[in-house]
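# A closer look at the structure
Here's the letter readout for the chains.
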Amino acid sequence: MTTTQLIAEIHKKKSFLCIGLDVDLQKIPAFLLETDDPIFEFNKAIIDATHHLAVAYKPNTAFYEAYGIKGWQALEKTIQYLNANHPEIFTIADAKRGDIGNTSSMYAKAFFEDLAFDSVTVAPYMGKDSVEPFLAFEGKHTILLALTSNQGAFDFQTKVIDDKEVYKHVLETSKSWENSENLMYVVGATKASFLGEIREMIPESFLLVPGVGAQGGNLQEVCKYGMTGNIGLLINSSRGIIYASNGDDFASAAATKAAELQSEMEAILNS
């Protein structure tokens, strides 16, 4: 999916909501555990109930890898279901990969070719030659960790080197990499106060913003400092939506929570 197509979908749905599909078998409704593939059945129900409200879905691969081959198969079935039934939806493999060049090439093939995701999250710590193999894939997007929502982000990301925070070095340096036009960036909603300076460095890039909802991020503040003329934001909510209920009504409860966020987003887009 191109950025132009993503922007068109945002305007069509009046939404820039991304729903995180982070499936924990201890949290899903008990009756689903009796099915052959409870992870996929949970995802399918959430997707069926919310696809008209969201422009992106983001499975975090850890929640699938933890269940071995069955978890990976559920991830594969989930992305196949999305691509077959909702090809207009932007898909994000939240894998946070990043390794030496030939290994990164294999990671990229796994997520872009085998699983056919539109994008994948990548850690920049190993630098240019660990990220460019992802950027080489035409029509795909690499979402680089810049300033994350967790408290540990202050351990390294905001440390000052040569009068500039590390996350700013990441932003500045990444723009020089080959095919950098395929880059998006992760900036946590709990770091909204940093968005003004971030936008000065990457004024048009899309930002994936986790942390709204359960982690305490504020949607209005993120949009105030981070929104661009082409929107430029994907706001992710995971637990706050998918675990709104663990009863028989889990899918409709998720839709209600998603609709609340979508309604806030529509108001912001119309303001």
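So, a few notes on the structure that sits alongside this text.

Reading guide: rules and limits
Residues numbered from 1 in each chain as written. Predicted model: local features only at pLDDT ≥ 70, side-chain atom pairs only at ≥ 80, totals over all residues. Heavy atoms only, no water. Core = buried A, V, L, I, M, F, W, Y, C linked by side-chain atoms within 4.5 Å. Buried < 20%, exposed > 50% of the residue type's maximum accessible area, 1.4 Å probe, protein only. Helix = DSSP H or I, 4+ residues; strand = E, 2+ residues; numbered from the N terminus. Contact = heavy atoms within 4.5 Å. Polar contact = N/O pair within 3.5 Å; in protein donor to acceptor, adjacent residues only side chain to side chain. Expected span 1.5 Å × (residues − 1). Pairing = 2+ DSSP bridges. Axes fitted to C-alpha atoms, helices over the stretch in contact; angles between N-to-C directions. Phe/Tyr/Trp six-rings, centres within 6.5 Å; stacked < 30°, edge-to-face > 60°.

## Things to note about the nonpolar core
- Leu6, Phe16, Ile19, Phe42 and Ile235 are the most contacted members of the largest nonpolar core, which has 88 residues in total.
- No other element matches the eight residues that helix 12 (residues 250-270) contributes to this core.
- If we ignore the near neighbours within four places in the chain, the residues touching Phe16 are Ile10, Val55, Leu219, Cys223, Met227, Ile231, Leu233, Leu234, Ile235, Met265 and Leu269.

## As for the side chain of Ser119
- Counting through the fold element by element, Ser119 comes out in strand 4 (residues 119-122).
- Side-chain polar atoms of Ser119 contact the backbone oxygen of Thr91, separated by 3.0 Å.
- Dropping the residues within four chain positions of it, Ser119 is found in contact with Phe90, Thr91, Ile92, Ala93, Phe112, His141 and Ile143.

## Points about helix 5 (residues 101-114)
- Between its first and last C-alpha atoms helix 5 spans 19 Å; for 14 residues at 1.5 Å apiece the expected length is 20 Å, and the two agree.
- Listing the buried residues of helix 5 in full gives Ser104, Ala108, Phe111 and Phe112.
- Looking at the buried side of helix 5, the elements it contacts are helix 4 (68-85), strand 3 (90-97), strand 4, helix 6 (128-135) and strand 5 (141-147).
- The positive-phi residue at the C-terminal boundary of helix 5 is Ala116, with phi of around 60 degrees.

## Regarding the sheet that holds strand 8 (residues 183-187)
- Read around the closed barrel, eight strands run 1-2-3-4-5-8-9-10, paired in parallel fashion. Pairwise comparison of adjacent strand axes, ignoring direction, gives a mean angle of 30 degrees for this sheet.
- One ladder, built from two bridges, connects strand 8 with strand 9 (residues 207-209); its direction is parallel. Note that in strand 9 the partner of Tyr185 across the bridge is Leu207.
- Helix 5 rests against strand 3, strand 4 and strand 5 of the sheet, and its axis sits at about 155 degrees to strand 3.

## Description of the packing of aromatic side chains
- Counted under the stated rule, the structure contains eight aromatic pairs.
- Seen in terms of ring centroids, Phe31 and Phe250 are 6.3 Å apart; in terms of plane orientation they differ by 55 degrees. Their pairing is tilted. You can see Phe31 sitting in the loop between strand 1 (17-20) and helix 2 (38-50) and its partner Phe250 sitting in helix 12, a full 219 residues away along the chain.
- A relative accessible area of 38% places Phe31 in the partly exposed class.
- Taking the relative accessible area as the measure of exposure, Phe250 reaches 4% and is therefore buried.
- Joined through ring pairs, the aromatic side chains of Phe31, Phe42, Tyr243 and Phe250 make up one cluster.

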